[in-house]
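Inside the fold
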Amino acid sequence: MKYTSVEEFVVDQFTEDAVIKIVIKRYADDARISTRDTVIIEKILNDLSKIELKEDNDSLPSMDYRINIYSNTSTLSMLLDRDNVWIHNHKKSEFYKIINNIDPIEMIENLNLDWVIRD
């Protein structure tokens, strides 16, 4: 069983290249937020980094949210629901079960972002 955290993925992928943009999609109503604001990016990454994970290739997230994290040279994508995370980068795709008491859906909604609903 492999244990990790979202922080390990973010640190591993973006150590030399700063995050320049984050895009979040909420599937329930096709709402989106895109930000280049460094304060908001730091808050999102800090909150996400607290999520601890256990590899679980038997579960697929229900895709409540998609978060794409961009730098000048790479992208990290995550599909999230309350219990699971699918993480995809240029190297691999893996499924994880959230093993600590952090609810990523609540975390995202508590950011009070200015969502844009697509028609």
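Above this text sits the structure in question.
Thresholds, definitions, all that
- Residues numbered from 1 in each chain as written.
- Predicted model: local features only at pLDDT ≥ 70, side-chain atom pairs only at ≥ 80, totals over all residues.
- Heavy atoms only, no water.
- Salt bridge = Lys/Arg side-chain N within 4 Å of Asp/Glu carboxyl O.
- Buried < 20%, exposed > 50% of the residue type's maximum accessible area, 1.4 Å probe, protein only.
- Helix = DSSP H or I, 4+ residues; strand = E, 2+ residues; numbered from the N terminus.
- 1 Å grid on protein atoms, 1.4 Å probe; cavity = no way out; pocket = protein on both sides within 12 Å on 5 of 7 lines; lining within 4 Å.
- Points joined across faces, edges and corners; volume = space filled by probe spheres on them.
- Nonpolar A, V, L, I, M, F, W, Y, C, P; charged D, E, K, R; others polar.
- Pairing = 2+ DSSP bridges.

The next subject is the pattern of salt bridges. On inspection of all chains with the given rule, the structure shows six salt bridges. A salt bridge links R26 to D29; its shortest N-O distance comes to 3.0 Å. For D29, a relative accessible area of 29% puts it in the partly exposed group. Note that D47 is salt-bridged to K43, the shortest N-O span being 3.1 Å. Of this pair, D47 and K43 both sit in helix α2 (residues 38-49), four residues apart, which is roughly one turn of that helix.

Before going further, it helps to examine the layout of surface pockets. The computed volume of the largest pocket comes to approximately 170 Å³. As for the largest pocket, its lining consists of K2, T4, E8, F9, D12, Q13, N89, H90, K91 and K92. Ranked by residue count, the leading element in the lining of the largest pocket is helix α1 (residues 6-14), at four residues. For the lining of the largest pocket, the per-class residue count stands at one nonpolar, four polar and five charged.

Here D30, not a glycine, exhibits a phi torsion of approximately 60 degrees, which is positive. Structurally, D30 is set in the loop between β2 (21-26) and β3 (31-35). Owing to a relative accessible area of 27%, D30 belongs among the partly exposed residues under this scheme. The backbone phi angle of N112 is positive, close to 55 degrees, even though this residue is not glycine. Here N112 shows up in the loop between α3 (104-109) and β9 (116-117).

Attention shifts here to the pairing of strand β4 (residues 52-55). As defined by bridge partners, strand β1 (residues 3-5) adjoins β4 across three bridges and the pair is classed as antiparallel. Looking across to β4, one finds that S5 is bridged to E52. Summarising the sheet, β4 and strand β8 (residues 93-98) pair through three bridges and their orientation is antiparallel. Paired with E55 across the bridge in β8 is Y96.

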